Amino acid sequence: MPVTLGSERLIESSTLRGLRVGVLCNPASVDTRFRHIVDRLAEAPDVTLAAIFGPQHGFRSDVQDNMIETGHARDERRRVPIYSLYSDTREPTAAMLEGLDALVVDLQDVGARIYTYIYTMANCLRAAGRHGLRVIVCDRPNPIAGIEVEGPMLQAGYESFVGLFPIPMRHGLTIGELARLFNAEFGLGAAVEVSEMTGWRRSMYFDETGVPWVMPSPNMPTLDSAIVYPGTVLFEGTMLSEGRGTTRPFELVGAPWIDAEAFAARMNARGLPGVFFRPAVFEPTFQKHARATCGGCQIHVRDRDAFRPCAAAAALLLEFHAADRARFAWRRPPYEYEQEKLPIDILAGLPAFRQQIERGAPLDEIVASWRGGEDAFRKLREKYLLY
């Protein structure tokens with residue numbers, strides 16, 4: 001039996017009867033029958049859909065590239081405003097919330113600290129708390145399961161829109177569980193409820209849920225992309241290609257100065273669990289190295305339970321750095337509204353990771369440096385688990 005989503009349970013209940021409702025959503029906000037949350041709310045008896053809010057890439061996910069703001073608009077079919085929360089504001093204003101009785105959040109997260117949708121949700125919780133507005137988060141599966149916790153913990157002073165709170169890179173929580181944790185631990189002050197799923201188990205990957213995969217964002221085309229993403233998203237902080245502009249973003253990584261076969265051989269010699277690095281030559285059509293031939297590899301995950309995306313990414317960066325230190329470069333700011341700190345530092349959540357790569361630290365040392373934060377977060381998250 002497929003998982004029953006929080007949105008399905010909410011619509012089928014009487015919770016929203018008599019209310020004027022706003023909804024934070026995008027094209028992935030569909031149920032197991034591909035019915036969109038906006039359509040379901042608009043058709044629900046005695047429920048008034050009054051406003052739509054969109055995250056990064058827009059309500060319709062029509063903005064392909066990263067870090068491109070979207071404007072406000074109007075949905076003429078449903079005759080309601082569409083407010084962009086990746087625009088001149090990343091938090092709903094009092095005027096946007098005026099007249100609402102409840103704000104529904106139905107976004108598909110991908111299980112990584114970096115993914116901005118969870119901070120759009122957090123900003124909505126904060127605004128709702130100030131304005132006394134009820135928030136209902138429709139829970140959805142963590143696509144990469146809900147057991148593993150991995151990667152560096154965000155350090156104070158390195159907060160940004162790709163990391164507002166001190167959590168590890170791979171958090172192992174659903175978006176509903178994150179809402180509970182953010183609200184309680186970081187003082188957002190919202191009256192938040194979670195419409196829980198039924199049938200979901202923490203060991204489930206997305207393809208085991210029976211829920212259709214709709215791209216959560218334009219550069220997250222498949223579950224394969226999501227599985228590697230908590231690691232290879234770090235490549236956004238370099239001048240290496242993370243595969244944007246190809247049909248396999250975050251799975252293909254490389255640069256014009258890399259010998260693909262030699263590089264992949266060195267990576268496979270490391271014997272990392274659950275993964276094979278296939279030599280690959282590719283040409284991004286946009287973003288870094290557009291229309292330039294890049295050598296590198298495609299990451300093929302053969303055992304996703306054994307695979308550790310953050311450790312794999314650290315190994316990849318060590319090898320790229322060692323391959324040619326003169327050509328390897330970190331991306332310069334600005335990045336995601338941060339004007340001064342290096343993008344790699346706000347992505348990793350601290351400068352130590354960059355420094356470890358620069359000095360060629362052993363991979364075991366890098367991974368060991370994450371353990372204290374991982375262990376602390378595992379303990380913290382226990383009281384917020386719903387499944």
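The coordinates are above.
In what follows, the accompanying structure is described. A quick note: this is a predicted structure, and the numbers were derived from the prediction, not measured.

Here's the deal with the overall build of the chain
(1) Moving on: On a plain count of helices and strands, the chain comes out with 12 helices and 12 strands.
(2) Moving on: Here the C-alpha coordinates of the chain stretch approximately 65 × 40 × 40 Å along the principal axes.
(3) Moving on: Sorting the 387 residues of the chain into buried and exposed places 60% on the buried side.
(4) Moving on: If you take every contact in the chain between residues at least 6 apart in sequence, the share linking residues at least 24 apart comes to 74%.
(5) Moving on: Of the accessible surface of the chain, which amounts to about 14,600 Å², a share of 47% is contributed by carbon and sulfur atoms.

Section: helix α8 (residues 309–323)
(1) Moving on: Its 15 residues place the ends of α8 21 Å apart at the C-alpha level, agreeing with the 21 Å of an ideal helix rising 1.5 Å per residue.
(2) Moving on: In terms of residue burial, α8 counts as a mostly covered element, since 13 of its 15 residues are buried.

Quick notes on empty space enclosed by the protein
(1) Moving on: Per the counting criterion, the structure on display carries 3 cavities of 30 Å³ or more.
(2) Moving on: If you add up the space inside the second largest cavity, you get close to 40 Å³.
(3) Moving on: Lining the second largest cavity we find Ala 28, Val 30, Gln 108, Arg 140, Phe 206, Pro 212, Trp 213 and Val 214.
(4) Moving on: Of the residues that constitute the lining of the second largest cavity, the class distribution is 6 nonpolar, 1 polar and 1 charged.

Here we look at the packing of aromatic side chains
(1) Moving on: Under the criterion given, the structure shown has 17 aromatic pairs.
(2) Moving on: Aromatic ring contacts, followed pair by pair, group Tyr 115, Tyr 117, Tyr 229 and Phe 250 into a single cluster.
(3) Moving on: Across from the ring centre of Phe 161, 5.4 Å away, lies the NZ or CZ of Arg 90, which sits over that ring.
(4) Moving on: One Lys or Arg, Arg 90, reaches over the ring of Tyr 337 and ends 3.7 Å from the middle of that ring.

A short note on the sheet that holds strand β6 (residues 134–138)
(1) Moving on: Ordered by their spatial adjacency, 7 strands build an open sheet running β3-β4-β2-β1-β5-β6-β9, and the pairing between neighbours is mixed. One side of each edge strand has no neighbouring strand; the edge strands of this open sheet are β3 (73–75) and β9 (191–195). In this sheet, adjacent strand axes meet at a mean angle of 25 degrees when their direction is disregarded.
(2) Moving on: Taken together, the 5 bridges between strand β1 (residues 20–24) and strand β2 (residues 48–54) define a ladder with parallel strand orientation. Looking at the pairing, Leu 24 lines up with Phe 53 of β2.

Let's talk about the pattern of salt bridges
(1) Moving on: Using the criterion set out here, one finds 25 salt bridges in the structure.
(2) Moving on: Linking Glu 148 and Arg 308 is a salt bridge whose minimum nitrogen-to-oxygen distance equals 3.3 Å. Within this pair, whereas Glu 148 is found in the loop between β6 and β7 (150–153), its partner Arg 308 is found in the loop between β12 (294–301) and α8, the two being separated by 160 residues in sequence.
(3) Moving on: The class for Glu 148 is partly exposed, based on a relative accessible area of 24%.
(4) Moving on: A relative accessible area of 26% places Arg 308 in the partly exposed class.
(5) Moving on: Its salt-bridge partner being Arg 266, residue Glu 319 comes within 3.3 Å of it at the nearest N-O pair. In this pair, Glu 319 is assigned in helix α8 and Arg 266 in helix α7 (residues 260–269), connecting sequence segments 53 residues apart.
(6) Moving on: Several salt bridges converge on common partners, so that one network encompasses Asp 39, Arg 60, Asp 75 and Arg 78.

Considering the side chain of Glu 177
(1) Moving on: Within the secondary structure, Glu 177 is located in helix α5 (residues 175–185).
(2) Moving on: Within the local environment of Glu 177, its side chain forms a polar contact with the backbone nitrogen of Thr 174, the two atoms lying 2.9 Å apart.
(3) Moving on: Beyond its immediate chain neighbours, meaning those up to four positions away, Glu 177 contacts Asp 139, Gly 172, Arg 202, Tyr 384, Leu 385, Leu 386 and Tyr 387.

A short note on the nonpolar core
General note: in soluble globular proteins, nonpolar side chains tend to be found buried as a group.
(1) Moving on: In terms of nonpolar packing, the biggest core is built from 105 residues, with Phe 53, Phe 182, Leu 316 and Phe 353 touching the most fellow members.
(2) Moving on: Looking at this core, the element that brings in the most residues is α8, giving 10 residues.
(3) Moving on: Beyond its immediate stretch of four places on either side in the chain, Phe 182 contacts Ile 118, Tyr 119, Met 121, Ala 122, Phe 165, Ile 167, Gly 187 and Leu 188.
(4) Moving on: By size, the runner-up hydrophobic cluster in this structure holds 21 residues, among which are Val 23, Cys 25, Val 47 and Ile 136.

Points about the layout of surface pockets
(1) Moving on: Of the pockets and cavities examined, the largest pocket occupies roughly 230 Å³.
(2) Moving on: Lining of the largest pocket is provided by 17 residues; of these, Glu 150, Arg 308, Ala 311, Val 367 and Trp 370 occupy positions nearest its centre.
(3) Moving on: Elements with a contribution of two residues or more to the lining of the largest pocket: α8, α11 (363–368) and α12 (371–381).
(4) Moving on: Grouping the constituent residues of the lining of the largest pocket by class yields 10 nonpolar, no polar and 7 charged.

Structural notes on the sheet that holds β12
Within a beta sheet, neighbouring strands are joined by backbone hydrogen bonds and run either parallel or antiparallel to one another.
(1) Moving on: Pairing in this open sheet of 3 strands is antiparallel, and the strands run β10-β12-β11 from one edge to the other. Of all strands in the sheet, those with a lone pairing partner are β10 (252–255) and β11 (275–282), marking the two edges. On average, each strand axis in the sheet is inclined to that of its neighbour by 25 degrees, with strand direction left out of account.
(2) Moving on: One ladder, built from 8 bridges, connects β11 with β12; its direction is antiparallel. Across the sheet, Phe 277 pairs through a bridge with Ile 299, a residue of β12.
(3) Moving on: In this fold α7 packs onto β11 and β12, with an angle of close to 170 degrees to the strand it touches most, β11.

Let's talk about the side chain of His 171
(1) Moving on: By the secondary structure assignment, His 171 is in the loop between β8 (168–170) and α5.
(2) Moving on: The class of His 171 is buried, set by a relative accessible area of 0%.
(3) Moving on: Only 3.0 Å separates the side chain of His 171 from the backbone nitrogen of Leu 173, close enough to count as a polar contact.
(4) Moving on: His 171 has contacts with Asp 109, Gly 111, Ala 112, Arg 113, Asn 142, Glu 148, Val 149, Leu 178, Phe 377 and Arg 381, leaving out every residue within four places of it along the chain.

Conventions and cut-offs
Residues numbered from 1 in each chain as written. Predicted model: local features only at pLDDT ≥ 70, side-chain atom pairs only at ≥ 80, totals over all residues. Heavy atoms only, no water. Helix = DSSP H or I, 4+ residues; strand = E, 2+ residues; numbered from the N terminus. Buried < 20%, exposed > 50% of the residue type's maximum accessible area, 1.4 Å probe, protein only. Contact = heavy atoms within 4.5 Å. Areas by Shrake-Rupley, 256 points an atom, 1.4 Å probe, with all protein chains shown as cover. Expected span 1.5 Å × (residues − 1). 1 Å grid on protein atoms, 1.4 Å probe; cavity = no way out; pocket = protein on both sides within 12 Å on 5 of 7 lines; lining within 4 Å. Points joined across faces, edges and corners; volume = space filled by probe spheres on them. Nonpolar A, V, L, I, M, F, W, Y, C, P; charged D, E, K, R; others polar. Phe/Tyr/Trp six-rings, centres within 6.5 Å; stacked < 30°, edge-to-face > 60°. Lys NZ or Arg CZ within 6 Å of the ring centre and 35° of its normal. Pairing = 2+ DSSP bridges. Axes fitted to C-alpha atoms, helices over the stretch in contact; angles between N-to-C directions. Salt bridge = Lys/Arg side-chain N within 4 Å of Asp/Glu carboxyl O. Polar contact = N/O pair within 3.5 Å; in protein donor to acceptor, adjacent residues only side chain to side chain. Core = buried A, V, L, I, M, F, W, Y, C linked by side-chain atoms within 4.5 Å.

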